[in-house]
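Chain and residue survey
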Amino acid sequence: MRPEERRQISRLFTSLEYGEQLAYACAKQQYSFMHDVKSRRFLRAQAHQEYTHAAFFRTAVRCLTPKHQQHIPNGLKRFGERLHQAIASNDLTDSLVGSQIVLEGFGEQILLRLNRGMDNRNIGFQRQRAILLRQEQSHFAFGMRILQRQINQEQTTVERVHALTEDYLQQVQQIIREMEGIFTVLDENAEEYTAGLIDSIPPWMLGDKI
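Attention in this report is confined to the structure presented alongside it.

Some details on a positive patch on the surface
Judged by side-chain charge, K38, R41, R44 and R145 come together as a positively charged surface patch. The dominant element in the positive patch, judged by the number of residues it contributes, is helix α2 (residues 37–64), at three residues. As for its position among the elements, R44 is in helix α2.

Quick look at the environment of H71
If you trace the backbone, H71 turns up in the loop between α2 and α3 (74–88). On the basis of relative accessible area, H71 is assigned to the exposed category, the value being 60%. In the structure, H71 is positioned 59 residues away from L12 in sequence and 9.9 Å away in space, judged by C-alpha atoms.

Some points on the nonpolar core
Counting 59 residues, the largest nonpolar core has L12, F13, F79, I101, V102, F106 and I201 as its most contacted members. Leaving out residues up to four positions away in the same chain, V102 has contacts with F79, V97, Y168, L169, V172 and L197.

A closer look at the packing of aromatic side chains
For the structure shown, the criterion picks out six aromatic pairs. Here the aromatic rings of F13 and F57 are separated by 5.4 Å at their centres, their planes lie at 55°, and the arrangement is tilted. Here the residue F13 occupies a position in helix α1 (residues 3–33), and F57 occupies one in helix α2, the gap between them amounting to 44 residues. On the accessibility criterion, F13 (1% relative accessible area) is buried. Linked through ring pairs, F13, F56 and F57 together constitute an aromatic cluster. Geometry around Y31 places R40 over its ring, the cationic atom sitting 4.0 Å from the centre.

Notes on empty space enclosed by the protein
Inspection of every chain in the model, using the stated rule, returns one cavity of 30 Å³ or more. Taken as a whole, the largest cavity spans an internal volume of roughly 150 Å³. For the lining of the largest cavity, the elements supplying multiple residues, two or more each, are α1 and α4 (92–120). Residues that form the lining of the largest cavity fall into these classes: eight nonpolar, three polar and four charged.

Some details on unusual backbone geometry
In the Ramachandran plot, N90 falls in the positive-phi region, its phi being about 55° despite a non-glycine side chain. With respect to the helices and strands, the residue N90 is situated in the loop between α3 and α4. One non-glycine residue, E154, lies in positive phi territory at about 60°. For E154, the location among the structural elements is in the loop between α5 (126–152) and α6 (158–178).

Cut-offs used in this document
Residues numbered from 1 in each chain as written. Predicted model: local features only at pLDDT ≥ 70, side-chain atom pairs only at ≥ 80, totals over all residues. Heavy atoms only, no water. Patch = residues over 30% accessible without salt bridge, like charges linked within 9 Å, V, L, I, M, F, W, Y side chains within 5 Å. Areas by Shrake-Rupley, 256 points an atom, 1.4 Å probe, with all protein chains shown as cover. Salt bridge = Lys/Arg side-chain N within 4 Å of Asp/Glu carboxyl O. Lys, Arg positive; Asp, Glu negative; His and termini not counted. Charge placed at Lys NZ, Arg CZ, Asp CG, Glu CD. Helix = DSSP H or I, 4+ residues; strand = E, 2+ residues; numbered from the N terminus. Buried < 20%, exposed > 50% of the residue type's maximum accessible area, 1.4 Å probe, protein only. Core = buried A, V, L, I, M, F, W, Y, C linked by side-chain atoms within 4.5 Å. Contact = heavy atoms within 4.5 Å. Phe/Tyr/Trp six-rings, centres within 6.5 Å; stacked < 30°, edge-to-face > 60°. Lys NZ or Arg CZ within 6 Å of the ring centre and 35° of its normal. 1 Å grid on protein atoms, 1.4 Å probe; cavity = no way out; pocket = protein on both sides within 12 Å on 5 of 7 lines; lining within 4 Å. Points joined across faces, edges and corners; volume = space filled by probe spheres on them. Nonpolar A, V, L, I, M, F, W, Y, C, P; charged D, E, K, R; others polar.

What follows is the structure, encoded as structure tokens:
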């Protein structure tokens, strides 16, 4: 692997570690919102998985660039601040859309689309990446089920889900622009990540503005 490829992949894994830490914080807080045993059990498992994911990416960064500290993209930091506000406000709907839907969905797109580029460059971690992908997909599906339940029980509205989804997707577009160097090194089209994420979200969550 060329030095620039190593550096850019390390940047990517640093960002993914930060995203997993966000998802961990959200899952822990969401656990306290839930009253049914099944949801609480899932969120307890998810929090453990997110913690493990963050540790994996942190280890990978140290292996790739042991002497260099990578920085979190500013757009991702703002995304994190937005999610922490939702957590601090005890806003389950907001945190579900931001974490389980948009953040997990974005992570899924990265793992799906970058796996081939990573494999071609013998970056490794194939087994770990496959496990992470399956777990991200289960977190995404869980978030959709809970949001649908909230709407059915009139705890939130479709219109609010539309607005939240649009807000978080706009922030993801900024993150993608800041991470363009990573996608270029791996011969990926950055715009396809936004399109892939939007395609993965059910139309009822998007409204007319996406």
